[in-house]
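# Observations on the three-dimensional arrangement
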Protein chains: 2
Amino acid sequence: MQTLRQFQEIFHSYLQENQFRNQPRELYEPVNYILSIGGKRLRPVLVLMSQALFDEKIEKSLPAAFAVEVFHNFTLLHDDIMDEAPLRRGKPTVHIKYDVNTGILSGDVMMIAAYDFLAKIADESKIPALYKTFNKVAIEVCEGQQYDMNFETRDDVTIPEYLRMIELKTSVLLAGAMQMGAIIGNASAADAEHIYQFGRNVGLAFQIQDDILDSFGDPKKFGKKVGGDIAQNKKTILYLTALKQSKGAQKKELLGLYSNDNIEEKMKIKRVKEIFRDLKVVETAQKYQSDFIDKAYQQLEKVDASKEKKEALRSWAEQLVVREV
Amino acid sequence: MQTLRQFQEIFHSYLQENQFRNQPRELYEPVNYILSIGGKRLRPVLVLMSQALFDEKIEKSLPAAFAVEVFHNFTLLHDDIMDEAPLRRGKPTVHIKYDVNTGILSGDVMMIAAYDFLAKIADESKIPALYKTFNKVAIEVCEGQQYDMNFETRDDVTIPEYLRMIELKTSVLLAGAMQMGAIIGNASAADAEHIYQFGRNVGLAFQIQDDILDSFGDPKKFGKKVGGDIAQNKKTILYLTALKQSKGAQKKELLGLYSNDNIEEKMKIKRVKEIFRDLKVVETAQKYQSDFIDKAYQQLEKVDASKEKKEALRSWAEQLVVREV
């Protein structure tokens, strides 16, 4: 099987070749812009990797990989408008570089372009199944974003609710990307489902890792500002666990820190992290994480593919999730 | 063939049965809201009517009809945000009744739901062709909206450019709706194309009629405020024709009326309409209109369907387009 780096390079070439050159320029320039500012191309690589488990001619799934990446970037574009985010991977967001209306409309055309690319899959008989997966996942991503927005103003969010939210907002797209790769690779229905569940569980573990790194990551290795979630009062798994495990004065202090806008940010981050440490919330979160990883590997075991290829996928998942704290 | 009223009633029942009951409520309530505030349901009726030309079991195309209506309402929802429109068919727009973020996200999920409904077509072998039509049309609608926005700040818009813009923004969806009905009705590829061209030309004539009515319609029959386009300096076919046909002082006056924000609205509408009358721009616009109608009928002639059914479609098109001025 190709290496991770090779998958990335193959996808990158396809992305370059498929820049949008259509008119009007005002509609498509922001699309090329957001697609150019990069990232690890995790989701399209998952489509290719998953296909390669069953069939190594991975050029077959490049249109689907591109569709998934365009869809993902559409969600980032519209989420950035909703969150009023000024930067995305260190660059101005589309609604800042252009304007909000451009962001809305260019996002809309990206979503449709994603569907359009999915239809370019050479084997037409696969199209209904691919659209079925894509539709389900795309709807769930919107639902996850709505739950995330709802949680901002709720103070009774439970851990199961939180896990469901990240499942919808993040994991199902990873899972769907892998399922689409499996479909194109002619996997059996059972294997396509195992691969979906593998991706879903890895995605959950990945998001929990993201929560942990946001508060406790090494500033040199972590791309974003450490403590950002705390500064924004985000109800991450760390916060929800702390809230559940704390009592009395400590609980009152934590609630106070998350509702007081006047406290100095550095001090707030420091104090919340002390409470997190005191309650060993990272250890609790890591327990969830390892449960998800175990479930993911159990699903992968069941897949009818070579041991060597499954090992490659397993080692990729480990790299992705078990990053240093 | 069923009457127009019957098609509307069949669609209305399906719409009622298919209200969105999914969670989270905050995401789907605005979707049901915008779908409930109605309109003539022109586009879904076109899907059904077009199918009925070839196959009268029109329940087959109800999911596609619904998909087209949901897509159309998604475009209205996002366009209303972009235009900062407070009202839609006399009711508060979604971003006013809820908020802008809700409008963006509920619109997004509507677009995906449209694709999802299209996949409910019973005959799976039709799905690739239906998605192909839908993708093309949906992309063109976004392009049309971008051209419309571009035209606001341009003062050199030509009539051919204007016609291309309304073709993209309005006509192709009518055309695509009809093509989808034809595909589901098992029409030949040639007939599906004739029906597409019929819909496209009727759509162009329909939009020109809309421009004429906006300035010269009977206030009692016309739903919106007469003169609204003039008040907003919209570059309609009437304005562009007037600009082309005027000279000297009159041209200068027209340009002045369209660029002076201080002039009292009633006076401005009155004076612009006098110039329009003087230059006989309605007659010129009607010439374009009747050319499009002729082309539409030529396409309909070629369709392999009963004379009686084609006559029903023709009389519908006449009702739609040739409304009293």
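Described in the following lines is the structure provided in the data block.

About the cut-offs
- Residues numbered from 1 in each chain as written.
- Chains lettered and ligands numbered in written order.
- Predicted model: local features only at pLDDT ≥ 70, side-chain atom pairs only at ≥ 80, totals over all residues.
- Heavy atoms only, no water.
- Contact = heavy atoms within 4.5 Å.
- Buried area = accessible area lost by both parts, 1.4 Å probe.
- Salt bridge = Lys/Arg side-chain N within 4 Å of Asp/Glu carboxyl O.
- Polar contact = N/O pair within 3.5 Å; in protein donor to acceptor, adjacent residues only side chain to side chain.
- Helix = DSSP H or I, 4+ residues; strand = E, 2+ residues; numbered from the N terminus.
- Phe/Tyr/Trp six-rings, centres within 6.5 Å; stacked < 30°, edge-to-face > 60°.
- Lys NZ or Arg CZ within 6 Å of the ring centre and 35° of its normal.
- Least-squares fit on C-alpha atoms with pLDDT ≥ 70 in both.
- Buried < 20%, exposed > 50% of the residue type's maximum accessible area, 1.4 Å probe, protein only.
- Expected span 1.5 Å × (residues − 1).
- Axes fitted to C-alpha atoms, helices over the stretch in contact; angles between N-to-C directions.
- Parallel < 35°, antiparallel > 145°, perpendicular 65-115°, else oblique.
- Left-handed = near helix turned anticlockwise from the far one by under 90°.
- Nonpolar A, V, L, I, M, F, W, Y, C, P; charged D, E, K, R; others polar.

Moving on: the interface of chain B and chain A. In this complex, chain B contributes 36 residues to the contact, which on the side of chain A involves 36 residues. Counting each side, the surface lost to burial between chain B and chain A is near 3300 Å², with a carbon and sulfur contribution of 71%. On inspection of chain B and its partner chain A, the count reaches 0 salt bridges. In this assembly, chain B and chain A are joined by 10 residue pairs in polar contact (both at pLDDT 80 or more). Looking at the side of chain B that touches chain A, the elements that each hand over two or more residues are helix H2 (25-36), helix H4 (62-83), helix H6 (100-118) and helix H7 (127-152) of chain B. Per-element accounting of the side of chain B that touches chain A gives the leading share, 13 residues, to H7(B).

With that settled, consider the packing of aromatic side chains. One pass over the structure, following the stated rule, counts 29 aromatic pairs over all chains. Put simply, the rings of A:Phe71, A:Phe74, A:Tyr115, A:Tyr131, A:Phe134, B:Phe71, B:Phe74, B:Tyr115, B:Tyr131 and B:Phe134 pair up and form one aromatic cluster. When the ring centre of A:Tyr33 is taken as origin, the NZ or CZ atom of A:Lys97, which lies over that ring, is 4.8 Å away. Over the face of the ring belonging to A:Tyr297 we find A:Arg314, whose NZ or CZ atom lies 4.1 Å from the ring centre.

With that settled, the discussion passes to the relation of the copies chain B and chain A. One copy of the chain maps onto the second through a rotation around an axis plus a translation along that axis. Each copy superposes on the other: chain B lies on chain A with an RMSD of 0.0 Å after a rotation of 180 degrees and an axial shift of 0.0 Å. Here the symmetry operator amounts to a two-fold rotation axis. Of the residues that chain B buries at the interface, 100% are likewise interface residues in chain A, meaning the two copies contact each other through the same surface.

Now for the side chain of A:Gln207. All names here are of chain A. Mapped onto the fold, glutamine 207 is located in helix H9 (residues 189-216). We classify glutamine 207 as buried; its relative accessible area is 15%. Ignoring anything within four residues of it in the chain, the contact list for glutamine 207 reads Tyr162, Ile166 and Thr170.

Residues and elements named next belong to chain B. Assignment of secondary structure puts lysine 251 in helix H12 (residues 248-259). The exposure class of lysine 251 is partly exposed, given its relative accessible area of 30%. Lysine 251 sits 160 residues away from lysine 91 along the chain, and the two C-alpha atoms are 38 Å apart. In contact with lysine 251, other than residues within four places in its own chain, are Leu243 and Ser246. Polar contacts involving the side chain of lysine 251 include one to the main-chain carbonyl oxygen of leucine 243, which spans 3.2 Å.

Our next topic: H6(B). All names here are of chain B. The end-to-end C-alpha separation of H6 is 27 Å, in line with the 27 Å expected for 19 residues at 1.5 Å each. Of all 19 residues in H6, 16 are buried, a share of seventy percent or more. Between a side-chain oxygen at the N-terminus of H6 and the backbone nitrogen of asparagine 101 the separation is 3.2 Å; the capping residue is aspartate 99.

Moving on, we come to the packing of helix H8 (residues 159-184) of chain A against H9(A). Relative placement of two packed helices is described by the angle separating their axes and the distance separating the axes. Residue and element names in this part refer to chain A. Packing of H8 against H9 brings their axes to within 7 Å, and their N-to-C directions diverge by 140 degrees. It follows that H8 is oblique to H9 by the angle criterion. The way H8 lies across H9 gives a crossing that is right-handed. Of the residues belonging to the contact of H8 with H9, the class tally is 15 nonpolar, 7 polar and 4 charged.

For the structure on display, the rule yields 34 salt bridges over all chains. A:Glu161 serves as the salt-bridge partner of A:Arg154, at 2.8 Å between the closest nitrogen and oxygen. Owing to a relative accessible area of 28%, A:Glu161 belongs among the partly exposed residues under this scheme. Note that B:Lys234 and B:Asp148 form a salt bridge whose closest N and O atoms lie 3.8 Å from each other. One end of the pair, B:Lys234, is in the loop between helix H10 (228-231) and helix H11 (237-245); the other, B:Asp148, is in helix H7, and 86 residues separate them in sequence. Given a relative accessible area of 33%, B:Lys234 falls into the partly exposed group. The buried category is assigned to B:Asp148, whose relative accessible area is 11%.

Residue and element names in this part refer to chain A. By the secondary structure assignment, serine 246 is in the loop between helix H11 (237-245) and helix H12 (248-259). By relative accessible area, which is 3% here, serine 246 ends up buried. One polar contact links the side chain of serine 246 to the main-chain carbonyl oxygen of leucine 243, over a distance of 3.3 Å. Excluding residues within four positions of it along the chain, serine 246 makes contact with Lys251 and Leu279.

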